[in-house]
Amino acid sequence: MKSYLLVPKESIETQARVGPRGTQQGERVLPRTTALRFTVANRAPDTLSLLGLRSATLPGPRPPVSGQEARKRVAKGSKVKRPTTRGADASTPPLPGAPVSEQTGSESGSFRFMPLIGATMAHFYSDATEAEARGELAADFEFIPDVVPLSFPGPVSAGQSGPRNRGMSSLAEREWPEESGVPLAHAQGIRGAGVLLGVLDTGVDADHPEHAAKVIQFRYVSLFPNSPHNPARDIRGFDPDGHGTHVCGIAAGTHHGVAPEVDLYVASVIESETIRTSLGRVAAGMEWLLHQFSSPQNVTRPAVVNLSLGFPLKPPPGISEADYRLNQRALQTMIRRLLDSNVLPVVAAGNSGPDTVGYPAAFDESLAVGAVDFERNVAHFSASGVVERRVVPDVMGYGVNVYSSTERRCNNQAFYERMSGTSMAAPYVAGIAALYRCRAPDLTALEVRDLILANAVKLPRSGGHRTGKGLAVFR
C-alpha cells in the first residue's frame, strides 16, 4: 500500500480567499466555512471514486466492513476491472506479534476527502491504480508521499525535576509571575471564556483533576485514520504518555492553566511509544479541529491551535530531499488554512538549541515560540535561527520546569510534575493568545498575533540565542 496526500497545486502556492469580514453595520464576521474553497479540490475524490477507491468520510459514522466488492461508477466504453483483496481483510484478526497494517476490503484503495484543509488522503493497493490516478490528477495535484515522520520536540533535562506531586497537593498558589499578566487577566474576569483552543498532541487525560471539571471534545486519530476500516473516533480523552496532558494543563488547566475557561478540543495524533506521527494523521486531526470550529455554534468564535510537533531538521535516512520538501510544503499549506479560517497557530520552536530551526516553526504562518525560565533566562535547549530572512522564534514563553498535570495511576491517584521544553512554552503563549481573544473576540488571528508581539517584554541579548520580540505577556 502507498499513501499520498493529494493537495491542489493552487492551494500550495496561494492563499485561499478569506471569507467576508464585515456587514453593512460594520460588524466583523468571520465565518470559517466560507474561507476555504479551491475549485479543483473536489476533483480528487470524484476521480478516486471512479477508479474504485472506497470513501471514508470524515467526520461520519463508522462504515460497515464486508468482503463485498465496492460499488463504483464506470465511464462509458471502459472495461470493468474486478478488484481483488489487496491487504489484510477486515474480517481477519491479526496474528499476535504481526506488524501493524491497514485492514482492507476488496476495493482498489481508499481515500478521505478533507474539504476544510483542501486535501484528500489516498491509499493505493496497487501500482496500476496509482498510475491511473496520477494520469488523471497529476496536472492539478501534488502527490505528497506520507513518508516523513513528525514528532514533538524531544524531552529536556533542565535541572529541577524532583518527585512528582500527588493528587490535589499542588502548588499553594499559581506560579505565573505578575509580569506575565495572567494574574491581572484572571482578576479582571478574563479567563478564556468563549475561546476555542485546539491541541494536537499525545492526547489528554480528561479525568485528571486539572481537567475533569470541563467537557473536552476529544478525537483519537488512529494509525490509519483515513481508512474506512480503521476510522478515527470521538471518545473520552486519554493520554498514555502524559505530554499532551501537561500541555493542556499549562494552557487550559482548571487550577494552573493560563486560560482555564477555554473550550478545549484535543486530537491525539502522536504515538506514546515512538512520539512520532505522520502527515496523514496530522491532516486528519487538523481537519477534525476545523470541522469542530466551523460548526454552527462555533463558526464565529475566536480560536487558537497549539502544535508541539515538527519535522526533523534534515531528511531522515531513506527519504529523498524532494519528498521531504513536499511534506513540508503540505504542512505549511495546512497551517495556512488555519490562518485563513481565523485560527491562530502557535508552534513550539524546538529543543535543539541555537542555529537549529525546524518546521513548522520556520513557516511564516506560524507563531513560533522559544523557551525562557521564570527569571527570563533563555533555556539552553531553545531552538533559534534564521531561515530565508525569517527570524525564529517570534516570541518566548515560560518553558523551564513548568508545573502541570501529567497522569493518573490505576488507583486514580493523580500526578503533577515539572517539565521543560518549547513544548511547554508554546501552550503558555497559546493561553496568552486565548486571553487576548477572550477580551477582544472580534480581532482576527493576525491582529492577535501582532498584539502579542507588540506587547512582549524585551529580553536582554543572549550570546547564542535569538529571542524574537521577547517574552509573551498579557497587557
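Relevant structure appears above.
Residues numbered from 1 in each chain as written. Predicted model: local features only at pLDDT ≥ 70, side-chain atom pairs only at ≥ 80, totals over all residues. Heavy atoms only, no water.

Engineer: Quick one: what's the story with the overall build of the protein chain, residue by residue and with numbers?
Structural biologist: Looking only at helices and strands, one finds 9 helices and 22 strands in the protein chain. Scored against the burial criterion, the 475 residues of the protein chain give a buried share of 59%. Expressed as a percentage of contacts within the protein chain between residues at least 6 apart in sequence, the contacts between residues at least 24 apart total 76%. Just so you have it, the protein chain exposes about 19,800 Å², and 50% of that area is on carbon and sulfur atoms. (Helix = DSSP H or I, 4+ residues; strand = E, 2+ residues; numbered from the N terminus. Buried < 20%, exposed > 50% of the residue type's maximum accessible area, 1.4 Å probe, protein only. Contact = heavy atoms within 4.5 Å. Areas by Shrake-Rupley, 256 points an atom, 1.4 Å probe, with all protein chains shown as cover.)

Engineer: Which residues make up helix α5 (residues 243-252), and what values do they have?
Structural biologist: α5 sits mainly inside the fold: 10 of its 10 residues count as buried. Inspection of α5 places His243, Gly244, Thr245, His246, Val247, Cys248, Gly249, Ile250, Ala251 and Ala252 among the buried residues, and these make up the whole buried set. Residues of α5 that are buried in the fold lie against β10 (196-201), β13 (263-268), β15 (303-307), β21 (402-408), β22 (414-419) and α8 (422-439).

Engineer: How would you explain the pattern of salt bridges if you had to name every residue and give the values?
Structural biologist: Inspection of the entire model under this criterion finds 19 salt bridges. With a closest N to O distance of 2.9 Å, Arg191 and Glu261 form a salt bridge. Highlighted residues: Arg191 in the loop between α4 (182-187) and β10 and Glu261 in the loop between α5 and β13, separated in sequence by 70 residues. Its relative accessible area of 37% is what places Glu261 among the partly exposed residues. For Arg337, the salt bridge goes to Asp340, with nearest N and O atoms at 2.6 Å. Taken together, the residues Arg337 and Asp340, both in helix α7 (residues 321-340) and 3 residues apart, mark about one turn of the helix. Asp340 matches Arg337 in its accessibility class, with the two residues each being buried. (Salt bridge = Lys/Arg side-chain N within 4 Å of Asp/Glu carboxyl O.)

Engineer: Break down the sheet that holds strand β17 (residues 367-372) for me, citing the residues and quoting the values.
Structural biologist: One open sheet holds the 8 strands; their spatial order is β12-β11-β13-β10-β15-β16-β17-β20, and the pairing between them is mixed. Looking at strand neighbours, the two that pair on one side only are β12 (233-234) and β20 (395-398), the edges of this open sheet. As paired elements, β17 and β20 share 4 bridges and run parallel to each other. Within β20, the residue paired with Gly370 across the bridge is Met396. Packing of α7 onto the sheet brings it into contact with β15 and β16 (343-348), and relative to β16 it is tilted by some 140°. Sheet strands touched by α8: β10, β15, β16, β17 and β20. Its angle to β16, the strand with the most contacts, is close to 160°. (Pairing = 2+ DSSP bridges. Axes fitted to C-alpha atoms, helices over the stretch in contact; angles between N-to-C directions.)

Engineer: I'd like a description of the side chain of Asp340, backed by residues and values.
Structural biologist: Of the residues examined, Asp340 reaches a relative accessible area of 5% and is grouped as buried. There is a polar contact of 2.6 Å between the side chain of Asp340 and the side chain of Arg337. (Polar contact = N/O pair within 3.5 Å; in protein donor to acceptor, adjacent residues only side chain to side chain.)

Engineer: Talk me through the sheet that holds strand β2 (residues 53-55); I want residue IDs and the actual numbers.
Structural biologist: One open sheet accounts for 5 strands, arranged β2-β5-β6-β1-β7; its pairing is mixed. The open sheet is flanked by β2 and β7 (141-145), the only strands paired with a single partner. Strand-to-strand, the axes of this sheet are offset by a mean angle of 25°, without reference to chain direction. Pairing of strand β1 (residues 2-8) with β7, which is carried by 5 bridges, proceeds in the antiparallel orientation. Looking at β7, one finds that Leu5 is bridged to Ile144. Taken strand by strand, helix α3 (residues 127-137) contacts β1, β2, β6 (119-124) and β7, and its axis lies near 10° from that of β1. Along the sheet, helix α6 (residues 279-293) contacts β1, β5 (109-114), β6 and β7; its crossing angle with β5, the most-contacted strand, is approximately 40°.

Engineer: Run through the packing of α5 against α8, naming residues and quoting values.
Structural biologist: At a minimum axis distance of 7 Å, the contact between α5 and α8 shows a crossing angle of 35°. Where α5 crosses over α8, the two elements pack in a sense that is right-handed. Contacts between α5 and α8 involve His243, His246, Val247, Ile250 and Ala251 from the first element and Ser423, Met424, Pro427, Tyr428 and Gly431 from the second. Of the residues assigned to the contact of α5 with α8, the class counts are 6 nonpolar, 4 polar and no charged. (Left-handed = near helix turned anticlockwise from the far one by under 90°. Nonpolar A, V, L, I, M, F, W, Y, C, P; charged D, E, K, R; others polar.)

Engineer: Please provide a residue-by-residue account of the side chain of Thr245, values included.
Structural biologist: Here Thr245 shows up in helix α5. Among the polar contacts listed, one links the side chain of Thr245 to the backbone nitrogen of Asp205, at a separation of 3.0 Å. Polar side-chain contacts of Thr245 include one of 2.7 Å to the side chain of Asp239.

Engineer: I'd love a proper account of the environment of Thr333, names of residues and values included.
Structural biologist: You can see Thr333 is positioned in helix α7. In this structure, the C-alpha to C-alpha distance between Thr333 and Gly118, residues 215 residues apart in sequence, is 9.0 Å.

Engineer: Account for the packing of aromatic side chains, naming residues and giving values.
Structural biologist: All told, the structure shown has 15 aromatic pairs when counted by the stated rule. Judged by centre distance (5.3 Å) and plane angle (35°), the rings of Trp176 and Tyr428 are tilted. Of this pair, Trp176 sits in the loop between β9 (165-166) and α4 while Tyr428 sits in helix α8, and the two are 252 residues apart along the sequence. With relative accessibility at 6%, the residue Trp176 sits in the buried group. Its relative accessible area of 0% is what places Tyr428 among the buried residues. The interplanar angle of 40° and the centroid separation of 5.0 Å between the aromatic rings of Tyr359 and Phe363 together place this pair among those described as tilted. Here the two residues Tyr359 and Phe363 agree in accessibility, since each one is buried. Among the aromatic side chains, those forming a connected cluster through ring pairs are Trp176, Phe374, Tyr398 and Tyr428. (Phe/Tyr/Trp six-rings, centres within 6.5 Å; stacked < 30°, edge-to-face > 60°.)

Engineer: Break down α8 for me, with residues and values.
Structural biologist: Over its 18 residues, α8 extends 26 Å from the first C-alpha to the last, a length consistent with the 26 Å expected when each residue adds 1.5 Å. Counting buried residues in α8 gives 17 out of 18 residues, a clear majority hidden from the surface. (Expected span 1.5 Å × (residues − 1).)

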